[in-house]
Amino acid sequence: MRYTRFVTVLAAAWICTVTALAAVAVLVPAQARAQVALDLRDADLQRFVEIVSETTGRSFILDPQINGTVTVLAPNEVPPEAIYEIFLNVLELNRLTIVEGVGADRIVPIGIARELAPGQLAGLSGGGYETRVLPVVNVPLEEVTEVIRPLLPQEAVLSTVPGAGLLILSDRRENQLRIAALVRRLDQPRSQPIETIRMRHANAAELLQVIQSLEVTPVGASLSADRRVNALVVAGPRQFRDRIRDIVIELDQPQRSMATRVVELSYANAASLAEVVRASFVAQNGDEAATGSVNIVAEPRSNTLLITAPQDQIHSIVLSVRALDRRPKQVLIEAVIFEMSVENFSDLSVQFGVLLDEAIAGGVQFSLQGRPTLTSAVSGALSGNVVDPGNGGTIGAIKRDGDNGIGGFLTAVASKNSTKLLSTPSIMTLNNQEAEIVVAQNVPFVTGSFATVGDSAVPQTPFQTIERQDVGLTLQVTPQITAERTVLMAVKQEVSNLTNSSSQAGGEITAKRTLSTNVLVRDGNVIMLGGLLEDGSGTVSQKVPGLGDMPVIGGLFRGKNASKNQRVLLVLLRPRVIGSDAEAKRITREVTREAKRASKVIRPKDDGRFPRTPNTDFPFDGADLNQPFDAGFVDSIAQSRAFPALPSRLEFK
């Protein structure tokens, strides 16, 4: 009988082993395979655990309650690590979990996992069942019991000794260590820390009343005042103590005494600087109402600030004013405007006609710019008036026989007009201050006219409205100096001139070139703001069809003039930063020497005859910059030739 039962058990074990090996052969033909084909349909859950164990090399201990089936469909082969992830998902769907251990992992239902000890303790303590006494000193025994009892397995026994503050626990050794560690963490002292906060300026008793009125003391905390050392005694949680400390820092401030200072400014504008300092004080305090204790008044006549502020702030405000009242830098802006234009014009034409009864019966006539027509020339000649044939060469004649005759003329001209304009305006200004220079003629332009008409057709009280405009050079610059001595400039420049031509609506036509831009230039460098290269040409040809195309004699039946215009315009700018008196004096000498040389070049020569040409040189010898201001109020020739002699110039020594 025993032998039969043994054979039956051995056969069943062999069948299970063969089935498992077959499933493993399907999933993992060999351990060397990197990918595994996984296709299970209603497979036994325990068999699936065996497959995962052999695939991943991990050991598992199964709870006796584990049973059921599993279906896993994977159309593609998966690596071993992916199989383990699938295995964890299958356990989660079956309400199972893994409790990891040192040598093997335990697969148990989720409901009993909390009762199991961690694996790292199993190797140290074993699985023996024992009884221990756990003392509880700092917290109530009931609170610890409420926390521990849900974490114990059903077979564990927990009892308490309230009078002695003891816990008696009978359980496995692993759980004993786990529960003992938890009790030690819960059994911490609850005594409230006590902190003393000393006052420096305020009274502790008065400050205690203020804080108590705020009702910020939580349950279990306390706050009192010690009059002997003028301090607050705070007992409670750290958050409460930190809040009381912050309140004390805000309220323990000295009583502010006011002070007044008068600050004389050297460079800054008092009204503008007062607004800046006042705005800065509002930004620091975050509340505009706080500026009531600070009063800053600007006195424009003496450019002085009268500052009234608390004693602890007056020094910082005065230091801010001194830091802002710095000598501003200056910028010398030099511009070069070069414009050259060339206009070429040529003309060649022949006009003639036959007269019958003092009237033109036929001929060739052209209407070209700057030339009279045949009709006007013949009419003037018949009436005895002088006819202006225009510029250039002209040959003409009229042959009359009574009222009949023949007349004609040939004209030819070639002209070239060239203009060169070189302007070098310069202007100095402060940093961030707009500067403008205008070198122009104030030209009147008629903008309208009006006249009243009475009983007669003659207008009465006629008048015209005139608007004057500057025609010439206008330069506006606003420089801003950076910390790297680079100048950011907003430039507006206009160059205009009269063209000596009128429009059909009336009034003279003006030519204007305008430039508006923002540029960034380093100190002393030159930059081109704008340029223009214009090249234009035009031709006017008139001829008699057919006859004008004939060789040789065709020139008698055609007229032509041609023009070609070229214009070049360049605008250059150079800023020079002046930060000290020495730089200003050096640059002034350079510019004055250039003016001295220019005055010598353009002055007229004195030939020694009467009347004598006066000396027009710029009065500067290259050393004394005061000479242009001292010279010229008494002419040297008049002083030497007058009798009696004029008194000499006043001198102060």
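Residues numbered from 1 in each chain as written. Predicted model: local features only at pLDDT ≥ 70, side-chain atom pairs only at ≥ 80, totals over all residues. Heavy atoms only, no water.

In the nomenclature of an unreviewed UniProt entry, the protein chain corresponds to Type II secretion system protein D from the organism Neptunicoccus cionae. According to the UniProt record, the Sequence similarities (unreviewed entry) comment for the protein chain reads "Belongs to the bacterial secretin family. GSP D subfamily." Here is the UniProt Subcellular location (unreviewed entry) comment for the protein chain, exactly as written: "Cell outer membrane". (UniProt positions renumbered as here; feature names shortened; annotations may be inferred.)

> What's the story with the sheet that holds strand 9 (residues 194-198) in this structure? I'm lost.
Sheets are built from strands that pair by backbone hydrogen bonding, the pairs being arranged parallel or antiparallel. Across the sheet, which stays open at both edges, the three strands sit in the order 9-11-10 with antiparallel pairing between neighbours. Looking at the sheet topology across the chains shown, the edges are occupied by strand 9 and strand 10 (222-226). Each adjacent strand pair in this sheet contributes to an overall mean axis angle of 20 degrees, direction not counted. Bridging between strand 9 and strand 11 (residues 231-235) involves five bridges; their strand directions are antiparallel. Across the sheet, the residue bridging to Ile 194 is Ala 235, located in strand 11. Across the sheet, helix 7 (residues 204-214) touches strand 10 and strand 11, and the angle it forms with strand 10 is around 160 degrees. (Pairing = 2+ DSSP bridges. Helix = DSSP H or I, 4+ residues; strand = E, 2+ residues; numbered from the N terminus. Axes fitted to C-alpha atoms, helices over the stretch in contact; angles between N-to-C directions. Contact = heavy atoms within 4.5 Å.)

> Which parts of the structure should I look at to understand the pairing of strand 14 (residues 304-310)?
Both faces of the sheet carry side chains from a regular strand, because those side chains alternate between them. With five of its seven residues buried, strand 14 lies for the most part within the structure. Here strand 12 (residues 258-264) runs beside strand 14; their pairing, made up of seven bridges, is antiparallel. Pairing of Glu 264 across the sheet is with Thr 304, part of strand 14. Linkage of strand 13 (residues 295-299) to strand 14, two consecutive antiparallel strands, is achieved through a turn of four residues, within which Asn 303 is found at a positive phi near 55 degrees. (Buried < 20%, exposed > 50% of the residue type's maximum accessible area, 1.4 Å probe, protein only.)

> What am I meant to see in the pairing of strand 15 (residues 330-356) here?
Examined bridge by bridge, strand 15 and strand 25 (residues 558-578) share 20 bridges and lie antiparallel to one another. For Val 336, the partnering residue across the bridge sits in strand 25 and is Leu 572. Two elements, strand 15 and strand 19 (residues 426-430), share five bridges in a ladder whose sense is antiparallel. If you follow Gln 330 over to strand 19, its bridge partner there is Leu 430. With 19 bridges joining them, strand 15 and strand 18 (residues 404-423) adopt antiparallel strand pairing.

> How do you make sense of a nonpolar patch on the surface when you look at a structure like this?
Together, Leu 547, Met 550, Val 552, Ile 553 and Leu 556 line one region of the surface with nonpolar side chains, adding up to about 450 Å² of accessible area. A residue is classified by how much of its surface remains accessible, and Leu 547, at 36% relative accessible area, is partly exposed. (Patch = residues over 30% accessible without salt bridge, like charges linked within 9 Å, V, L, I, M, F, W, Y side chains within 5 Å. Areas by Shrake-Rupley, 256 points an atom, 1.4 Å probe, with all protein chains shown as cover. Salt bridge = Lys/Arg side-chain N within 4 Å of Asp/Glu carboxyl O.)

> What is the right way to look at the confidence of the model for the protein chain in this model?
Regions with low pLDDT carry predicted coordinates that are not meant to be interpreted in detail. With 77% of its residues at a pLDDT of at least 70, the protein chain reaches an overall mean of 77. A low-confidence stretch, residues 1-33 stays under pLDDT 50, and its non-local contacts, those more than four residues away or across chains, total 16 contacts. With pLDDT under 50 throughout, residues 121-127 is counted as low confidence; its partners more than four residues away or in other chains account for 10 contacts. (pLDDT = per-residue confidence, 0-100.)

> How should the sheet that holds strand 5 (residues 105-109) be read in this particular structure?
Ordered by their spatial adjacency, three strands build an open sheet running 2-5-4, and the pairing between neighbours is mixed. Lying at the two open borders of the sheet, with one neighbouring strand each, are strand 2 (60-62) and strand 4 (96-99). For this sheet, the mean angle separating the axes of adjacent strands, direction not counted, is 30 degrees. Of the pairings in the sheet, the one linking strand 2 to strand 5 comprises three bridges and is parallel in character. Along strand 5, the bridge assignment pairs Ile 61 with Arg 106. In the packing of helix 2 (residues 45-56) onto the sheet, the strands contacted are strand 2, strand 4 and strand 5, and the crossing angle to strand 2 comes to about 170 degrees. Along the sheet face, helix 3 (residues 80-93) touches strand 2, strand 4 and strand 5 and points at about 125 degrees away from the line of strand 4.

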